[in-house]
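So you can see what is in the structure, the chains are spelled out below.
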Amino acid sequence: LAFDRAAELYRAALELRAIPADEVPELEACLAEALANAGRLYDSAKAYLRASHEGQDREHLEWTRRAADRLLSSGHSEEGRAVLQTVLESVGVTLPSSTGRAIASLLKHKAALSVRGMKYRLRKESEIPKAQLEKLEACWTASRGLIYFDGLTGANFHLHHLRLALRCGEPVRLSRALAVEAHMVAIMGADAKLERALELIAEAS
């Protein structure tokens, strides 16, 4: 109820049109977050898109990424995929245009991981360039948003995200990547895979 009330007040403030135009996007983003906390993910996505001028505001790419995440999480797969594509293009990543391309990309990431292994060096977020963090977050959104209705593409982005997380070494994002990898390994079913999944969970912890 408190989040719904906050959303009402943000909306009322916007409708009054009494604040400077350059402050409107920030207020739209606050409205979007309140709506998300109230469980109204689709409305939240729309507010984030208004805040980022439909994804054209590159300075606030995070708002567009959150819009894609909210759309995909609420089952609006086509709209979410379109917004996600904008985010991915902004960070220099391509959304595979076919099943064949998704498989080829997935195999490429698997091969790269086999060569480099799972080694990493922990670093603070402040030590990592903003562009790397943006790419990492974009791939995370693609991974978790696509995995349930486009499994191959989602798995491809999971591996891409894992590679980036290992390279960056930021603890929170790395823990997240390792935990998802544990899930992916565990569903393979064999006892050896389960043992490896438990090792990954321990590493993430």
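These remarks concern the structure in this document. (Residues numbered from 1 in each chain as written. Predicted model: local features only at pLDDT ≥ 70, side-chain atom pairs only at ≥ 80, totals over all residues. Heavy atoms only, no water.)

**A few points about a nonpolar patch on the surface**
Next up, step 1: Together, Ile 103, Leu 107 and Leu 152 make up a nonpolar patch on the protein surface, roughly 250 Å² of accessible area in all.
Next up, step 2: Overall, the relative accessible area of 37% leaves Leu 152 in the partly exposed class. (Patch = residues over 30% accessible without salt bridge, like charges linked within 9 Å, V, L, I, M, F, W, Y side chains within 5 Å. Areas by Shrake-Rupley, 256 points an atom, 1.4 Å probe, with all protein chains shown as cover. Salt bridge = Lys/Arg side-chain N within 4 Å of Asp/Glu carboxyl O. Buried < 20%, exposed > 50% of the residue type's maximum accessible area, 1.4 Å probe, protein only.)

**Description of unusual backbone geometry**
Next up, step 1: Its identity as a non-glycine residue notwithstanding, Arg 17 has a phi of 55°, on the positive side.
Next up, step 2: Within the secondary structure, Arg 17 is located in the loop between α1 (2-16) and α2 (24-37).
Next up, step 3: With phi around 60°, Glu 54 is a residue other than glycine that occupies positive phi space.
Next up, step 4: Following the sequence through the fold, Glu 54 ends up in the loop between α3 (41-51) and α4 (61-73).
Next up, step 5: The class for Glu 54 is exposed, based on a relative accessible area of 52%. (Helix = DSSP H or I, 4+ residues; strand = E, 2+ residues; numbered from the N terminus.)

**Some words on the pattern of salt bridges**
Next up, step 1: Under the counting rule described, the total for this entry stands at 19 salt bridges.
Next up, step 2: The salt bridge involving Arg 176 is made with Glu 137; its shortest N-O contact spans 3.2 Å. Of the two residues, Arg 176 sits in helix α9 (residues 171-186) while Glu 137 sits in helix α7 (residues 130-146), which places them 39 residues apart along the sequence.
Next up, step 3: On the basis of relative accessibility, which here comes to 21%, the residue Arg 176 falls in the partly exposed class.
Next up, step 4: Classification of Glu 137 by relative accessible area gives buried; the value is 11%.
Next up, step 5: A salt bridge links Glu 199 to Arg 196, with the shortest nitrogen-to-oxygen separation between them at 3.2 Å. Taken together, the residues Glu 199 and Arg 196, both in helix α10 (residues 191-204) and 3 residues apart, mark about one turn of the helix.
Next up, step 6: Judged by relative accessible area, Arg 196 falls into the partly exposed class, the value being 33%.

**Looking at the packing of α7 against α9**
Next up, step 1: Remark: α7 packs on α9, axes separated minimally by 12 Å, with the N-to-C direction vectors making an angle of 30°. It follows from the interaxial angle that α7 and α9 lie roughly parallel. By crossing handedness, the relation of α7 to α9 is classed as left-handed. Mapping the contact onto sequence places Leu 133, Leu 136, Glu 137 and Trp 140 in α7 and Arg 173, Arg 176 and Val 180 in α9. (Axes fitted to C-alpha atoms, helices over the stretch in contact; angles between N-to-C directions. Parallel < 35°, antiparallel > 145°, perpendicular 65-115°, else oblique. Left-handed = near helix turned anticlockwise from the far one by under 90°. Contact = heavy atoms within 4.5 Å.)

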